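So you can see what is in the structure, the chains are spelled out below.
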Amino acid sequence: MPIPTVNAIADADLASRLAAAMNAKTKPPGSLGMLEDLALQLGLIQRTVRPRIEKPAMLVFAADHGIVAENVSPYPQSVTAQMVANFLAGGAAINVFARQTGCALQVVDAGVNHHFGALAGLTDRKVAPGTRNFAREPAMSADQRDTALAHGQALADALPGNLLAFGEMGIGNTTSAAALMHKLTGLPLADCVGAGTGLDADGVRRKAAVIDAAVALHRDVTAPLDVLATFGGLEIAMMAGAMLKAAERRMVLLIDGFIVSSALLVAARLQPAVLDYCVFAHCSGEHGHAQLLRHLGGRPLLQLGMRLGEGSGAALALPLVQAAAGFLCEMATFESAAVSNRAAGA
């Protein structure tokens with residue numbers, strides 16, 4: 001299937017003009033710290049010295065995973081569908097945070113093992129009722145993977161705004177994410193596997209053993225798209241497709257936690273410049289996320305010890321992204337405010 005082409009955002013002349021615009025504001029140079037780095041990134045993405053965040057959207061992708069048959073989660077698979085119902089009722093953390101930050105929320109059924117029917121607020125893009133058990137066979141067929149990628153691209157292409165935040169729900173998806181991280185980065189499996197929704201130490205060891213055996217079973221799988229089909233989830237594949245299309249459209253990508261970052265890892269293997277468009281919302285408390293962020297070169301805006309998923313960290317970071325664009329567009333300059341700038345050579 002066609003993969004969107006993502007161009008790098010580097011532009012030395014624009015970067016110089018953005019730096020000059022920031023340094024003209026009524027503040028010491030660099031005094032807004034990471035917000036200045038973020039403002040520079042936003043300007044380069046949007047190719048302007050006056051970036052704006054318009055109609056931010058959050059897509060929460062939900063899907064089930066066959067790997068739960070290997071007892072890798074303390075929760076039953078039915079929780080995925082139950083949480084989708086909670087999202088639609090407005091009762092989950094992501095609903096609260098999205099309302100507070102003014103972010104439009106869209107819930108996508110990428111592959112939940114439940115028939116919802118037509119429900120207000122639910123976008124049905126179900127590829128299959130969950131993946132297969134990758135401890136026994138590939139999680140997806142190539143056609144299922146490609147369909148999920150295409151659905152993600154179409155969803156991102158239909159959005160009216162210029163910022164897309166990502167969230168997910170799927171019992172068992174930390175197992176898929178850890179397997180993808182291990183296969184695509186080469187990092188030791190122990191650095192990739194965590195407690196997910198609350199496994200104890202024995203449960204984490206069992207989960208690692210399941211992944212280790214599955215990686216051995218599929219040892220000849222190496223190409224990124226094949227790794228995605230073998231170990232991934234339908235929601236992970238759909239997110240990767242949405243990321244690539246959003247970056248092609250020069251949208252800001254607001255990246256949540258471990259699962260979303262695993263989708264980004266796949267996308268970056270296909271189009272490395274997608275990382276230029278990514279703002280990393282937070283460092284999850286899930287073991288493996290800090291290492292994955294280091295591998296991706298991401299600096300998280302927040303470090304709250306969260307590991308909920310749903311896009312919750314991305315929603316909480318959105319006001320910081322808005323603030324970075326806001327100060328560049330709205331803050332007075334030394335000249336306009338008649339405030340003395342620092343003395344030349346001082």
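Relevant structure appears above.
The structure presented is a predicted model; accordingly, all values stated were derived computationally and were not measured.

Undergrad: I keep staring at unusual backbone geometry and nothing clicks. Help me out?
TA: As a rule of thumb, non-glycine residues mostly have phi less than zero, and peptide bonds are mostly trans rather than cis. Here N71, not a glycine, exhibits a phi torsion of approximately 60 degrees, which is positive. Here N71 is to be found in the loop between strand 1 (57–63) and helix 3 (78–89). One non-glycine residue, E310, adopts positive backbone phi at about 70 degrees. Note on E310: relative accessible area 5%, which makes it buried.

Undergrad: Is there a simple way to explain the pattern of salt bridges in this structure?
TA: Tallying each qualifying case throughout the model produces 11 salt bridges. As a salt-bridge pair, R17 and D13 come within 3.3 Å of each other at their nearest N and O atoms. Taken together, the positions of R17 and D13, both in helix 1 (residues 12–23) and 4 residues apart, correspond to about one turn of that helix. For D202, the salt bridge goes to R205, with nearest N and O atoms at 2.2 Å. One end of the pair, D202, and the other, R205, are both in helix 7 (residues 201–217), 3 residues apart, so they sit about a helical turn from each other. The structure contains a network of salt bridges with shared partners spanning R145, D146 and D226.

Undergrad: Would you mind going over the environment of V193 with me for this structure?
TA: Tracing the backbone shows V193 in the loop between helix 6 (173–185) and helix 7. With 122 residues separating them along the chain, V193 and N71 place their C-alpha atoms 14 Å apart.

Undergrad: Help me out: how do you make sense of the packing of helix 9 (residues 234–248) against helix 10 (residues 258–270) in this one?
TA: Packed helix pairs are specified by the crossing angle of their axes together with the interaxial distance, meaning the distance between the axes. Contact geometry for helix 9 and helix 10: axes closest at 8 Å, N-to-C directions at 55 degrees. By the angle between their directions, the pair helix 9 and helix 10 is classed as oblique. Handedness of the crossing formed by helix 9 with helix 10: right-handed. For the pair helix 9 and helix 10, the contacting residues are I236, M239, A240, M243 and L244 in the first and I259, V260, S262, A263, L264, V266, A267 and L270 in the second.

Undergrad: For this particular structure, what's the right way to read the pairing of strand 1?
TA: Within a regular strand, side chains alternate between the sheet's two faces. With 7 of 7 residues buried, strand 1 lies mostly within the body of the structure. Residues A57, L59, F61 and A63 point to one face of strand 1 and M58, V60 and A62 to the other, with burial holding for every one of them. Here strand 1 pairs with strand 2 (residues 104–111) via 7 bridges, running parallel. Each bridged residue has a counterpart across the sheet, and for L59 the counterpart in strand 2 is Q106. One ladder, built from 6 bridges, connects strand 1 with strand 4 (residues 163–169); its direction is parallel. Across the sheet, residue F61 finds its bridge partner in strand 4, namely E168.

The rules behind these values
Numbering of residues begins from 1 in every chain and follows the order in which that chain's sequence is written. Local features in a predicted model are, by the rule used here, given only for residues with pLDDT of at least 70; side-chain atom pairs are given and counted only at 80 or more, and totals for whole chains, interfaces and linings are based on all residues. Only hydrogens and water are set aside when side-chain values are computed; all heavy atoms of the structure are taken into account. A run of H or I in DSSP counts as a helix once it spans at least four residues, and a run of E counts as a strand once it spans at least two, with each numbered from the N terminus. Three exposure classes are used, based on accessible area relative to the maximum for each residue type with a 1.4 Å probe and protein chains only: buried under 20%, partly exposed in between, and exposed over 50%. By salt bridge we mean one thing: a side-chain nitrogen of Lys or Arg within 4 Å of a carboxyl oxygen of Asp or Glu. Here, axes are lines fitted to C-alpha atoms. For helices the fit covers the stretch in contact, and angles between N-to-C directions go from 0 to 180 degrees. Roughly parallel here means an angle under 35 degrees, roughly antiparallel means over 145, roughly perpendicular means 65 to 115, and every remaining angle is called oblique. For any helix crossing, the convention is left-handed if the near helix is rotated counterclockwise from the far helix by under a right angle, and right-handed if that rotation is clockwise. Contacts were defined at the residue level, with two residues in contact if any of their heavy atoms lie within 4.5 Å. Strands were regarded as paired on the criterion that DSSP finds at least two bridges between them.

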